[in-house]
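# Secondary and tertiary structure notes
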Protein chains: 2
Amino acid sequence: MTPYLIDDTDYRILQLLIEDSTLSHKDIGAEVHLTGQAVGARIRRMRELEIIEGYTIRWNPLRIGQNMHAFITVFLSTNAAHLPFQNFAKNHKSVAELYRISGEGCYWMRVRTVNQEALTAFLDELLGYGNYRVNLDMGKIK
Amino acid sequence: MTPYLIDDTDYRILQLLIEDSTLSHKDIGAEVHLTGQAVGARIRRMRELEIIEGYTIRWNPLRIGQNMHAFITVFLSTNAAHLPFQNFAKNHKSVAELYRISGEGCYWMRVRTVNQEALTAFLDELLGYGNYRVNLDMGKIK
DNA sequence: GTAATTTCCTTTCCGGGTGAAAGTAGAACA
DNA sequence: TGTTCTACTTTCACCCGGAAAGGAAATTAC
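Residues numbered from 1 in each chain as written. Chains lettered and ligands numbered in written order. Predicted model: local features only at pLDDT ≥ 70, side-chain atom pairs only at ≥ 80, totals over all residues. Heavy atoms only, no water.

### Re the pattern of salt bridges
In this structure the tally under the stated criterion is 14 salt bridges over all chains. Taking the shortest distance from any N to any O, the salt bridge between R42 of chain A and D7 of chain A comes out at 3.0 Å. Here D7 of chain A lies in the segment before helix 1 (8-19) and R42 of chain A lies in helix 3 (residues 36-48), a separation of 35 residues in the sequence. Residue class for R42 of chain A comes out partly exposed when judged on its relative accessible area of 24%. With a relative accessible area of 31%, D7 of chain A lands in the partly exposed category. Across the pair E97 of chain A and R110 of chain B runs a salt bridge, and its minimum N-O distance is 2.9 Å. With E97 of chain A in strand 3 (residues 95-101) and R110 of chain B in strand 4 (residues 107-113), this residue pair bridges two chains. (Salt bridge = Lys/Arg side-chain N within 4 Å of Asp/Glu carboxyl O. Helix = DSSP H or I, 4+ residues; strand = E, 2+ residues; numbered from the N terminus. Buried < 20%, exposed > 50% of the residue type's maximum accessible area, 1.4 Å probe, protein only.)

Pasting the structure below:
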């Protein structure tokens, strides 16, 4: 499969970077049969096209005591509730991700807190905007 | 809040790296009042503690035609279905994330496909293991 | 009270990665 | 055949990152 806007080589470079973004351009080049500089140029192009949005790290919240990880579906009954809710979620540091969704519910979000009390406190706040359904992470499989 | 195992300086370094892992140790040091080498040592320590698991990129699947993004809750009725399902999900490239969950449902997963047909095909396969509830991403807010 | 140890930092130094610039090969097209 | 464009390689200079050595402060033992 050759994706939109990029060729197979770009796609392989992208996959390598997703796995390990510290790979040197030279090492990537050895994989895809290019010089490091050519790889650099392709990466720069993908950044300009905003295919690559930035560089970040994979990290483990559990290791620093962020022990609760919840998937929450939010149900809002009135139109007026949307903006206040969005502001609440955007500004709350426990909300790691937030999406508008189709299907059951209005929003889906990923929430992380240090412990159960903090999650309960979060849910109490959330009740001010609408109803919710919570699923707790009981183990990452993939 | 000072998290488990690491001090405030480590935490600030971690946050900076999450935002942009290409920041030089020197620049991070300027933020947290350390030399680049001291920052490097702290980062190395966090890697050894597996707080930092690796370096990766933030990228936009939409830009290369990965147009469908779905949050799927899976319901399995029999014990025997779990292992086959896990193998299916682990090996399927459309499954971006997979968690065991508490609450309604047995598993939660994030699925990305190029288009609606591919998602439908995926769901047809999924039916071989159990039932599901699908929510489509209609817009990322955070 | 003082010496030894540990921890964490800074300074110094070297290998190697990255980006810019210049040059080259091949495809598209009139 | 000549022109242009694109994508690559080569070369070069700069800066980053890790290793090693040295120093300051806190902790522990006697």
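### Details of helix 5 (residues 116-126) of chain A
Residue and element names in this part refer to chain A. Residues of helix 5 that are buried: L119, F122, L123 and L126. The buried residues of helix 5 occupy one face: seen down the axis, they fall within an arc of 100°. The backbone nitrogen of E117 lies 3.3 Å from a side-chain oxygen of the residue at the head of helix 5, namely N115. (Arc of directions from axis to C-beta. Polar contact = N/O pair within 3.5 Å; in protein donor to acceptor, adjacent residues only side chain to side chain.)

### A few points about the interface of chain A and chain B
Each side of the interface is counted separately: chain A has 57 residues, and chain B has 58 residues. Across the chain A/chain B interface, buried area totals approximately 5400 Å², and carbon plus sulfur atoms make up 57% of it. Our enumeration of links across chain A and chain B arrives at 4 salt bridges. Mapped onto the side of chain A that touches chain B, the elements with two or more residues apiece are helix 1, strand 1 (52-59), strand 2 (68-75), helix 4 (82-91), strand 3, strand 4 (107-113) and strand 5 (131-140) of chain A. Strand direction decides the pairing type here: strand 5 of chain A and strand 3 (residues 95-102) of chain B, joined by 4 bridges, are antiparallel. Each residue of the ladder has a partner; that of L136 of chain A, found in strand 3 of chain B, is S102 of chain B. (Contact = heavy atoms within 4.5 Å. Buried area = accessible area lost by both parts, 1.4 Å probe. Pairing = 2+ DSSP bridges.)

### Quick notes on the packing of aromatic side chains
Each aromatic ring pair is summarised here by two numbers: the centre-to-centre distance and the angle between the ring planes. Under the criterion given, the structure shown has 17 aromatic pairs over all chains. Ring geometry for F88 of chain A versus Y129 of chain A: centroids 4.8 Å apart, planes at 25°, classification stacked. Of this pair, F88 of chain A sits in helix 4 while Y129 of chain A is found in the loop between helix 5 and strand 5, placing the two residues 41 residues apart along the sequence. Three or more aromatic residues link up through ring pairs in this structure, and these residues are F71, Y99 and W108 of chain A together with F71, Y99 and W108 of chain B. Positioned over the ring face of Y107 of chain A is R100 of chain A, at 5.0 Å from the centre of the ring. (Phe/Tyr/Trp six-rings, centres within 6.5 Å; stacked < 30°, edge-to-face > 60°. Lys NZ or Arg CZ within 6 Å of the ring centre and 35° of its normal.)

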